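A structural walkthrough
As a plain string of letters, each chain reads:
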Amino acid sequence: MIFDSHAHYDDRQFDKDRDELLTSMHKNGVDFILNSGESMRASKAGIELGQKYDFIYSAVGIHPNNTGKMTDNTLADIKELAKNKKVVAIGEIGLDYHYDNTDKTKQRLWFTKQLELAKELDMPVIIHSRDAAQECFDIIKKSEVKKGVIHCYSGSPEMALDYVKLGYYIGIGGVLTYSNARRTVETAESVPLERILLETDCPYLAPVPNRGKRNDSSMISFVAEKLSQIKGVPLDIIYETTSQNARNLFGIE
Ligand SMILES: [Zn+2]
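In this convention, every chain numbers its residues from 1, walking through the sequence in written order. Where local features are concerned, this predicted model is filtered to residues with pLDDT of at least 70; where side-chain atom pairs are given and counted, the filter is 80 or more; whole-chain, interface and lining totals use all residues. Heavy atoms from the whole structure form the basis of all side-chain values; hydrogens and water molecules are not counted.

Under the scheme used here, helices are H or I runs from DSSP no shorter than 4 residues and strands are E runs no shorter than 2 residues, and both carry numbers assigned from the N terminus. By the element assignment, leucine 115 lies in helix α4 (residues 104-121). Relative accessible area decides the class of each residue, using a 1.4 Å probe on protein chains only: under 20% of the type maximum gives buried, over 50% gives exposed, and in between gives partly exposed. Leucine 115 gets classed as buried once you look at its relative accessible area, which sits at 1%. The spatial distance from the C-alpha of leucine 115 to the C-alpha of asparagine 84 is 18 Å, given a sequence separation of 31 residues. In contact with leucine 115, not counting residues within four places along its chain, are Ile93, Val125, Ile127, Ile139, Ile140, Ser143 and Val145. The criterion used for residue contact is that any of the two residues' heavy atoms lie within 4.5 Å.

In structure tokens, the structure reads:
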């Protein structure tokens with residue numbers, strides 16, 4: 001059983017062969033996919049995918065880099081979309097200070113408000129945190145939202161364990177296979193398997209040996225194999241445990 005806990009199948013890069021690819025997923029052993037929202041457009045597209053494919057679930061939310069024009073109406077629309085029964089999380093939300101193209105004050109405001117929405121709806125969150133590790137942690141802790149995943153985790157192993165203490169899961173993807181990913185490897189060593197989710201973030205971040213190519217959920221096997229080596233745990237246990245973790249978090253029977 002394979003659960004890809006973070007994918008973007010609404011992305012333009014899948015326009016040519018999306019249906020072909022998704023209909024072949026069971027054959028590749030992929031049983032569940034969570035499509036992550038990053039804008040209104042992507043959130044709606046994720047819901048449509050969930051209506052078409054029984055194994056696709058989605059998250060709705062506004063990515064930090066898309067909060068520049070966000071308003072209270074956008075938040076109300078997200079709340080409305082979250083009522084769909086295939087929507088299982090609010091996300092991806094967070095802080096991204098890597099590029100200077102979004103006002104940091106706005107990022108913080110809409111991150112906080114989307115956390116409040118998740119709390120109100122009692123839904124888990126999918127967190128995007130880039131170059132803002134401590135601030136992101138502090139906002140989450142203050143929000144008292146106690147369930148979610150830190151997607152494509154890139155912080156320190158110590159902070160990962162602090163997130164686990166708060167009730168969070170740590171999302172690990174293709175970066176684990178990169179030769180310069182020492183910190184991600186250390187995180188995978190420290191965090192208990194019961195707190196790790198596998199993800200692709202496809203079409204981005206394809207694992208070695210496909211680094212640089214378009215990623216898809218079938219390539220999650222390269223990440224799982226690397227995690228199996230790091231943990232010294234058989235591959236089938238890696239798949240079973242991480243899938244069960246994702247199902248527990250997102251409430252999927
Ligand atoms: Zn993403």
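Attention now goes to helix α9 (residues 235-250). The first and last C-alpha atoms of α9 sit 23 Å apart over 16 residues, in line with the 22 Å expected at 1.5 Å per residue. Buried residues of α9: Ile238, Tyr239, Thr241, Thr242, Ser243, Asn245, Ala246, Arg247, Leu249 and Phe250, and no others. Directly beyond the C-terminal end of α9, a positive phi value near 65 degrees is found at glycine 251. Given the number of residues in a helix, its expected span is that number minus one, multiplied by 1.5 Å.

Before going further, it helps to spend a moment on the pairing of strand β7 (residues 168-172). With 5 of 5 residues buried, β7 lies mostly within the body of the structure. Along β7, one buried face is formed by Tyr168, Ile170 and Ile172 and the opposite face, lined by Tyr169 and Gly171, is buried too. Pairing between strands is defined by DSSP: at least two bridges between the two strands are required. In this sheet, β7 lies alongside strand β6 (residues 148-150) in parallel orientation, the contact comprising 3 bridges. Along β7, the bridge assignment pairs valine 149 with tyrosine 169. We call a crossover right-handed when, viewed with the strands running away from us, the connection from the first strand over the helix to the second turns clockwise. Following the chain from β6 across helix α6 (residues 157-166) to the adjacent parallel β7, one finds a crossover that is right-handed. Once you follow β7 into helix α7 (residues 182-190) and on to strand β8 (residues 196-198), the crossover reads as right-handed.

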